[in-house]
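This is what each chain is made of:
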Amino acid sequence: MQPTFTLRKFSPDDLQSVIQINRVCLPENYTDFFFVDLHQRFPETFIVAEQDEKIIGYIMCRIEVGLSNFGFGGLVRKGHVVSIAVLPQYRRRGVAQAVIKKSLEGMEYYKSKQGFLEVRVTNEAAISLYKNLGFEITRTINGYYSDGEDAYVMTKKLA
């Protein structure tokens, strides 16, 4: 099936649409400033998916320097997927996979050696998607989410 959506970098005009998707899809919500700040600092990794001129999903990331998630190699530059969401009626159409792949390209643009994200341990669909994209579970964070649920940290090596 040919995708009917397009990808592009986030622009400030997209802010209210992205905030609405975030609130509909996720319990973790952010301030307007947080979205704008990530866009200003890391525009190559803040991607929106559009269909019929409507934003249907997004991914936003930041670049960090820290210890390797694989436990070796000292300090490395890492791309951190802060938030990803696709409106429910547009799921299972390749949107999430496409925005992740595009954001990984952005992470490489910023010379990141790894990409990583946190995911609820019960979110089997997302875990499966991330594994299919080459991510692996590198650790568990107990009580990560505000409701007390644990998170897996999933990491992918980049070029």
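Notes on the structure in this doc start here. (Residues numbered from 1 in each chain as written. Predicted model: local features only at pLDDT ≥ 70, side-chain atom pairs only at ≥ 80, totals over all residues. Heavy atoms only, no water.)

**Re the overall build of the chain**
Our working definition: We count a stretch as a helix when DSSP gives it H or I for four or more residues in a row; a strand needs E for two or more, and each element gets its number in order from the N terminus. Computation of the radius of gyration draws on C-alpha atoms alone. For the globule rule, the value is 2.2 Å times the number of residues to the power 0.38.
Across its full length, the chain carries four helices and seven strands. For the chain, the sequential pattern of α-helices and β-strands runs β-α-α-β-β-β-α-β-α-β-β. For a compact globule of 159 residues, the expected C-alpha radius of gyration is about 15 Å, and the chain comes in at 15 Å, within 12% of that figure. Expressed as lengths along the three principal axes of its C-alpha atoms, the size of the chain is roughly 45 × 35 × 30 Å.

**Focus: helix 1 (residues 15-25)**
Stated formally: Accessible area is worked out with a 1.4 Å probe on protein chains only. A residue is then buried under 20% of its type maximum, exposed over 50%, and partly exposed in between. Regarding the arc, it is the one traced by the directions from the helix axis to the C-beta atoms.
The complete set of buried residues in helix 1 reads Leu 15, Val 18, Ile 19, Ile 21, Asn 22 and Cys 25. Along the long axis of helix 1, the arc covered by the buried residues comes to 160°, so they all point the same way.

**As for the packing of helix 1 against helix 2 (residues 32-41)**
Stated precisely, the cut-off is as follows: In this analysis an axis means a line fitted to C-alpha atoms, helices contributing only their contacting stretch, and an angle means the value between N-to-C directions, from 0 to 180 degrees. In this scheme, a crossing is called left-handed if the near helix is turned counterclockwise away from the far one by less than a right angle; it is called right-handed if the turn is clockwise. Pairs of residues are marked as contacts when any of their non-hydrogen atoms sit within 4.5 Å. Charged residues are taken to be Asp, Glu, Lys and Arg, nonpolar residues to be Ala, Val, Leu, Ile, Met, Phe, Trp, Tyr, Cys and Pro, and polar residues to be all remaining types, Gly included.
Closest axis-to-axis distance for the helix 1/helix 2 pair is 11 Å, and the angle between their directions is 115°. For the element pair helix 1 and helix 2, the recorded crossing hand is right-handed. From helix 1, Leu 15, Gln 16, Val 18, Ile 19 and Asn 22 reach across to helix 2, where they touch Asp 32, Phe 35 and Val 36. A class-by-class count of the residues in the contact of helix 1 with helix 2 yields five nonpolar, two polar and one charged.

**Overview of the packing of aromatic side chains**
Inclusion rule: Between 30 and 60 degrees the pair is tilted, below 30 it is stacked and above 60 it is edge-to-face, where a pair is any two Phe, Tyr or Trp rings, Trp via its six-membered ring, whose centres lie within 6.5 Å. Whether a charge lies above a ring is judged from NZ of Lys or CZ of Arg, which has to be within 6 Å of the ring centre and within 35 degrees of the ring normal.
Following the criterion strictly, the structure yields nine aromatic pairs and no others. Between Tyr 30 and Phe 35, the aromatic rings sit 5.9 Å apart at their centres with planes inclined by 85°, giving edge-to-face as the arrangement. For Phe 35, a relative accessible area of 0% puts it in the buried group. Members of the aromatic cluster, each reached through a chain of ring pairs, are Phe 10, Tyr 30, Phe 34, Phe 35, Phe 46 and Tyr 58. Sitting over the ring of Tyr 145, Arg 120 keeps its end group 4.1 Å from the ring centre. In this arrangement the basic side chain of Lys 157 is found over the ring face of Phe 70, its NZ or CZ atom lying 5.0 Å from the centre.

**Notes on the nonpolar core**
Which entries qualify depends on this criterion: For the purposes of this section, nonpolar cores are sets of buried Ala, Val, Leu, Ile, Met, Phe, Trp, Tyr and Cys residues that join through side-chain atoms within 4.5 Å.
Judged by nonpolar contacts, the single largest core of 44 residues is most densely connected at Phe 35, Tyr 58, Ile 59, Ile 100, Tyr 130 and Phe 135. Of all elements in the fold, only helix 1, helix 2, strand 2 (47-51), strand 3 (54-67), strand 4 (75-86), helix 3 (95-109), strand 5 (114-120) and helix 4 (124-132) reach the threshold of two or more residues within this core. At seven residues, strand 3 tops the list of elements feeding residues into this core. Once you skip the residues sitting within four places of it in the chain, Phe 35 turns out to touch Leu 15, Val 18, Ile 19, Asn 22, Tyr 30, Phe 46, Tyr 58 and Met 60.

**Points about the environment of Tyr 110**
The topology assignment puts Tyr 110 in the loop between helix 3 and strand 5. When the C-alpha atoms of Tyr 110 and Arg 91 are compared, they prove to be 29 Å apart, with 19 residues separating the residues in sequence. Beyond its immediate stretch of four places on either side in the chain, Tyr 110 contacts Arg 41, Phe 42, Pro 43, Glu 44, Thr 45, Ile 63 and Arg 77.

**Things to note about the sheet that holds strand 2**
We count it as follows: Being paired, for any two strands, means DSSP has found at least two bridges between them.
An order of 1-2-3-4-5-7-6 is seen for the seven strands of this open sheet, with the pairing classed as mixed. Each having just a single partner strand, strand 1 (6-9) and strand 6 (136-141) make up the two edges of the open sheet. If you compare each strand with its neighbour and ignore which way they point, the axes differ by 30° on average. Pairing of strand 4 with strand 5 involves four bridges; the strand directions are parallel. Residue His 80 lies in a different strand from strand 5, and its bridge partner there is Phe 116. Packing against the sheet, helix 1 makes contact with strand 2, strand 3 and strand 4, and its axis sits at approximately 85° to strand 3. Strands in contact with helix 4 are strand 4, strand 5, strand 6 and strand 7 (151-157); relative to strand 5, the strand with the most contacts, it is inclined by about 165°.

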